[in-house]
Amino acid sequence: SLITLDEIKNLQENGQLELDEEELEKTKPTEVLSTFKHLPYELIPFILSMFVFTVALHQNGITQLLINFLGSTAPTIKYGVSSFLVCNLINNIPMSILYSSILSASGAGVSAVYSTIIGSNLGAFFTPIGALAGIMWSNILNKNQIKFSYLNFLRIVYKNLKLLFVPTEILN
């Protein structure tokens, strides 16, 4: 459980917690600079391009085509499965932006919104492109010259996919 600021103050006042304020105030600029040096800057153009791609889809009428394709029948299945698949093509964050415009324009309802959220979160685990963390992980592997193919990734996902269904079966 998280401790509140008031609880920390009470512990400090009662002598149960001693904070060395001088040590806390010392910051090492080299550590901060080192962090900035290790940020994955080469991923920024890729992620930004996904947002540009999403906006381009909307401006060129693809959003309306998707609204027509998804329709209003069986929105739970259609929105859930399609968001699961689309987040593996353009990443789950731009997919969420794309689908938010689709959902607001279509008036599909709450079940479509929840299905989209669930599809996005589950789809993010399916390929390394599905989530920003996967893209960063792939980047780290490449920098360290560690070979790990998408096929190996999918094998591991498939093996662990069963774990996803265990809680569902227990709850039923």
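Let us look at the structure shown here.

The rules behind the values
Here the residue numbers are simple positions, counted from 1 along each chain's written sequence. In keeping with the model being predicted, local features are shown solely for residues with a pLDDT of at least 70 and side-chain atom pairs are shown and tallied solely at 80 or more, while totals for entire chains, interfaces and linings include all residues. Side-chain measures here rest on the full set of heavy atoms in the structure, leaving out hydrogens and waters. Helix and strand labels come from DSSP, where a helix needs a run of H or I of at least four residues and a strand needs a run of E of at least two; each type is numbered from the N terminus. Only protein chains enter the area calculation, which uses a 1.4 Å probe; residues under 20% of their type maximum are buried, those over 50% are exposed, and those in between are partly exposed. Two residues qualify as a contact provided that any one of their heavy atoms is within 4.5 Å of a heavy atom in the partner residue. Residues grouped as a nonpolar core are buried Ala, Val, Leu, Ile, Met, Phe, Trp, Tyr and Cys residues, joined through side-chain atoms within 4.5 Å. Any pair of N or O atoms that falls within 3.5 Å is considered a polar contact. Within protein, one atom must be able to donate a hydrogen and the other to accept it, and sequence-neighbouring residues count only if both atoms are side-chain atoms. Angles shown run from 0 to 180 degrees and are taken between the N-to-C directions of axes, each axis being a line fitted to C-alpha atoms and, for helices, limited to the stretch in contact. In this scheme, roughly parallel covers angles under 35 degrees and roughly antiparallel covers those over 145, while 65 to 115 is roughly perpendicular and the rest are oblique. Only Asp, Glu, Lys and Arg are considered charged, only Ala, Val, Leu, Ile, Met, Phe, Trp, Tyr, Cys and Pro nonpolar, and every remaining residue, Gly among them, polar.

### Brief notes about the environment of Leu89
Tracing the backbone through its elements, the reader meets Leu89 in helix α6 (residues 75–90). By relative accessible area, which is 65% here, Leu89 ends up exposed. Here the alpha-carbon distance between Leu89 and Thr127, two residues 38 residues apart in the chain, equals 9.2 Å. Contacts of Leu89, omitting those with residues within four sequence positions, involve Met50 and Ile129.

### Points about the nonpolar core
With 14 residues, the main nonpolar core has Tyr79, Ile90, Met95, Leu98, Tyr99 and Ile102 as its most contacted residues. For this core, the secondary-structure elements that each account for two or more residues are α4 (44–59), α5 (62–70), α6 and α7 (92–106). Per-element tally for this core: the top contributor is α7, with five residues. Every residue in contact with Met95, bar those within four places of it in the chain, is listed here: Ser83, Val86, Cys87, Ile90, Thr116 and Ser120.

### Comments concerning the side chain of Ser82
Considering the arrangement of structural elements, one finds Ser82 in helix α6. Within polar-contact distance, the side chain of Ser82 engages the backbone oxygen of Tyr79 at 3.4 Å. Residue contacts for Ser82: discarding those within four places in its chain leaves Leu70, Ile77 and Tyr99.

### Some details on the side chain of Ser120
You can see Ser120 is positioned in helix α8 (residues 110–123). Judged by its relative accessible area of 6%, Ser120 falls in the buried class. Filtering out sequence-adjacent residues up to four positions away, Ser120 remains in contact with Ser83, Cys87, Asn92, Met95 and Ser96.

### With respect to the packing of α7 against α8
Direction vectors running N to C along α7 and α8 enclose 170°, while the axes themselves pass 10 Å from each other. Relative to α8, the element α7 is oriented roughly antiparallel. Mapping the contact onto sequence places Asn92, Met95, Ser96, Tyr99 and Leu103 in α7 and Ala112, Val113, Thr116 and Ser120 in α8. Taken together, the residues that form the contact of α7 with α8 break down as five nonpolar, four polar and no charged.

### Overview of unusual backbone geometry
One non-glycine residue, Ala74, lies in the positive phi region at around 50°. For Ala74, the location among the structural elements is in the loop between α5 and α6.

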